[in-house]
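These are the residues of each chain, in order.
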Amino acid sequence: TQLLEQSPQFLSIQEGENLTVYCNSSSVFSSLQWYRQEPGEGPVLLVTVVTGGEVKKLKRLTFQFGDARKDSSLHITAAQPGDTGLYLCAQTIYNNNDMRFGAGTRLTVKP
Amino acid sequence: GAVVSQHPSRVICKSGTSVKIECRSLDFQATTMFWYRQFPKQSLMLMATSNEGSKATYEQGVEKDKFLINHASLTLSTLTVTSAHPEDSSFYICSAAGGDYGYTFGSGTRLTVV
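Residues numbered from 1 in each chain as written. Chains lettered and ligands numbered in written order. Predicted model: local features only at pLDDT ≥ 70, side-chain atom pairs only at ≥ 80, totals over all residues. Heavy atoms only, no water.

S.K.: Describe in detail unusual backbone geometry, supporting the description with residues and values.
M.R.: Each neighbour pair has its own omega, and for Ser7 of chain A with Pro8 of chain A the value is -10°, a cis peptide bond. Of note, Pro8 of chain A is situated in the loop between strand 1 (4-7) and strand 2 (10-14). Not every positive phi belongs to a glycine, and Ser83 of chain B is a case in point at roughly 45°. Tracing the backbone through its elements, the reader meets Ser83 of chain B in the loop between strand 8 (76-81) and strand 9 (90-97). Here Ser83 of chain B falls in the partly exposed class, since its relative accessible area comes to 34%. (Helix = DSSP H or I, 4+ residues; strand = E, 2+ residues; numbered from the N terminus. Buried < 20%, exposed > 50% of the residue type's maximum accessible area, 1.4 Å probe, protein only.)

S.K.: An account of the interface of chain A and chain B is requested, with residue identities and associated values reported.
M.R.: With 20 residues of chain A at the contact, the number on the chain B side is 19 residues. At the boundary of chain A with chain B, total buried surface from both sides reaches about 1500 Å², with 53% on carbon and sulfur atoms. In this assembly, chain A and chain B are joined by one salt bridge. A salt bridge links Glu59 of chain B to Arg100 of chain A; its shortest N-O distance comes to 2.7 Å. (Contact = heavy atoms within 4.5 Å. Buried area = accessible area lost by both parts, 1.4 Å probe. Salt bridge = Lys/Arg side-chain N within 4 Å of Asp/Glu carboxyl O.)

S.K.: Go over the packing of aromatic side chains with me, naming the residues and quoting the values.
M.R.: Overall, the coordinates contain seven aromatic pairs over all chains when judged by the stated rule. When the ring of Tyr35 of chain A is compared with that of Phe105 of chain B, the centres are 5.1 Å apart and the planes differ by 80°; the resulting orientation is edge-to-face. Of the two residues, Tyr35 of chain A is situated in strand 4 (residues 29-37) and Phe105 of chain B in strand 10 (residues 103-105); the pairing between them involves two chains. Like Tyr35 of chain A, the residue Phe105 of chain B is buried in the burial classification. (Phe/Tyr/Trp six-rings, centres within 6.5 Å; stacked < 30°, edge-to-face > 60°.)

S.K.: Mind laying out the sheet that holds strand 8 (residues 71-76) of chain A, listing which residues take part and the relevant values?
M.R.: All names here are of chain A. Read across the open sheet, the five strands follow the order 1-3-8-7-6; overall the sheet is antiparallel. This sheet does not close on itself; its edge strands, each paired only once, are strand 1 and strand 6 (55-58). Adjacent strand axes in the sheet meet at a mean angle of 15° when their direction is disregarded. With four bridges connecting them, strand 6 and strand 7 (residues 61-65) associate as antiparallel partners. Within the sheet, the bridge partner assigned to Lys56 lies in strand 7 and is Phe63. (Pairing = 2+ DSSP bridges. Axes fitted to C-alpha atoms, helices over the stretch in contact; angles between N-to-C directions.)

This is the structure:
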């Protein structure tokens, strides 16, 4: 059972466009991770957010963590074909070090 | 940085046979290891969590007698798919947690049961 709601599940855009992916939970995160996965490979960590209201930037990627630590977003500016992949949010919750994933957002950026 | 080695990367086996997948943390001690399964075009689903030296904790709906997990040392966990069937064909990924490295994922094992 997925405890995280991630949207949209599929996104196909043109090169140069901006996009936002959302991740929500009914539970408070102790931390939240964003990963990117390419076919046939394991997920690669993009960022970890821990503090409510936190904003982190990684080149054209901006990650926000909600004040209540129940939601997060990933914004990509001027998307490029190399951004194509499966983007996953993952949570760990208090008193439990299991990491669980959202359903994922499959992004395709067309040249 | 932390590295997790997962082997084999691909395996094809006959229905009814067993397959073992290894997950090793190469440069850190993993107190906890996680096993995930990923079907095509889907996300990772947690199968079980194992702590070194103790029995694994399985997620609801995951058969512990079919998916045997051994975490005998701080650097090695194994997942054995017993009596594999075609519906067990999937991408299996391990993750290791320990020290200051957070969660590190292996590169996955694509299992095909024919």
